[in-house]
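Residue-level structure breakdown
One-letter residues, chain by chain:
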Amino acid sequence: MEDHAVVDVGDVRLAYRSWGDPYGAPVVLLHALGGSSASWDEVGQMLGEEWRVYALDLRGHGESDWPDEYSFELMCEDVLGFLDELDLDRVGVVGHSMGGVVAYLLAEEHPDRVERLVLEEAPPPYPREPVEAERPDGPIDYDWPVVPAIRGQLDSPDPEWAERLGEIVAPTLIVAGGPDSSMSQARIPDMAAAIPDSQLITIPVGHSVHEVQPRQFAQQVSEFFSS
């Protein structure tokens, strides 16, 4: 059974969905740029058979507040505030793309809060060639200013992000989408090598692994969290 709720974290109201036993071990799911907690529906239901699962709408997305102030650091603090508000001490964190960057920054900054870490097609923290973003035609369910703000940080990341990968103590599963992904795969092995206790697997279905192959993805995450 899926529940919808909101929680105030500082000046931002965050919407979230949850599945599973309220007393189960907690797992937090973080979506990609332009996405929302809805992208996790199938995986959330499957993981909810074993865990207490929470999927957030990050600031500027979905039903959460659109405060017109965006950065990875702010999103990371939002997630930390979410954990505090729900009295979640240590959690498993699964992040897709943008959500993966938020996840590894959380693991760097607050290692005591992240039990295990899954990075699905998370952009590695190394400079990349900028590509200008074009706003889609028609209505969108996210605040457009979040796109240039986040993509700008991905193009020229804080060097500390890469330097601190070695400080991640949580066992980490990195899931790559393979050659069909819209994201370059070239530096993913470098990120994996920099995280002390990590393993890299490829599910070659493109960038949105958990949406294209939800059952396979959920199985890999469950096995990793149970190992």
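Residues numbered from 1 in each chain as written. Predicted model: local features only at pLDDT ≥ 70, side-chain atom pairs only at ≥ 80, totals over all residues. Heavy atoms only, no water.

1. So, the packing of helix α2 (residues 72-85) against helix α4 (residues 146-155)
Relative to each other, α2 and α4 sit at 105 degrees, their axes nearing to 10 Å. Classed by the angle they form, the pair α2 and α4 counts as roughly perpendicular. On the side of α2, the interface is formed by Phe-72, Glu-73 and Met-75, while α4 contributes Val-146, Ile-150, Gln-153 and Leu-154. For the contact of α2 with α4, the residue count by class is 5 nonpolar, 1 polar and 1 charged. (Axes fitted to C-alpha atoms, helices over the stretch in contact; angles between N-to-C directions. Helix = DSSP H or I, 4+ residues; strand = E, 2+ residues; numbered from the N terminus. Parallel < 35°, antiparallel > 145°, perpendicular 65-115°, else oblique. Contact = heavy atoms within 4.5 Å. Nonpolar A, V, L, I, M, F, W, Y, C, P; charged D, E, K, R; others polar.)

2. Points about unusual backbone geometry
With a phi close to 65 degrees, Asp-68 is a non-glycine residue in the positive phi region. Mapped onto the elements, Asp-68 comes out in the loop between β4 (52-56) and α2. With a phi close to 55 degrees, Ser-97 is a non-glycine residue in the positive phi region. Examined against the element boundaries, Ser-97 turns out to sit in the loop between β5 (91-96) and α3 (98-109). Judged by relative accessible area, which is 11%, Ser-97 ranks as buried. (Buried < 20%, exposed > 50% of the residue type's maximum accessible area, 1.4 Å probe, protein only.)

3. Remarks on the packing of α2 against α3
The N-to-C vectors of α2 and α3 enclose an angle of 70 degrees; their axes lie 9 Å apart at closest approach. As the angle between them shows, α2 and α3 are arranged roughly perpendicular. Regarding α2 and α3, the two cross each other, and that crossing is right-handed. For the pair formed by α2 and α3, the contact residues are Phe-72, Met-75, Cys-76, Val-79, Leu-80 and Leu-83 on the first element and Met-98, Val-101, Val-102, Leu-105 and Leu-106 on the second. (Left-handed = near helix turned anticlockwise from the far one by under 90°.)

4. Details of the sheet that holds strand β1 (residues 3-9)
A sheet is described by the order of its strands in space; here 8 strands give the open sequence β1-β2-β4-β3-β5-β6-β7-β8, paired in mixed fashion. Two strands in the sheet have a free side with no partner beyond their single neighbour: β1 and β8 (198-202). Strand-to-strand twist in this sheet, taken as the mean axis angle between neighbours without regard to direction, amounts to 20 degrees. With 5 bridges connecting them, strand β7 (residues 172-176) and β8 associate as parallel partners. Note on β8: the bridge partner recorded for Val-175 is Ile-201. (Pairing = 2+ DSSP bridges.)

5. Some thoughts on the nonpolar core
A general tendency of soluble globular proteins is for nonpolar side chains to be buried together. Of all hydrophobic cores here, the largest spans 52 residues; its most connected members are Leu-30, Phe-72, Phe-82, Tyr-104, Leu-117 and Leu-119. For this core, the leading source of residues is α3, giving 8 residues. Those residues in contact with Leu-119, other than ones at most four positions away along the chain, are Gly-95, Gly-100, Ala-103, Tyr-104, Thr-172, Leu-173, Ile-174, Val-175, Met-191 and Ile-195. Trp-19, Ala-55, Ala-218 and Phe-224 belong to the second-largest nonpolar core, a separate cluster that totals 22 residues. (Core = buried A, V, L, I, M, F, W, Y, C linked by side-chain atoms within 4.5 Å.)

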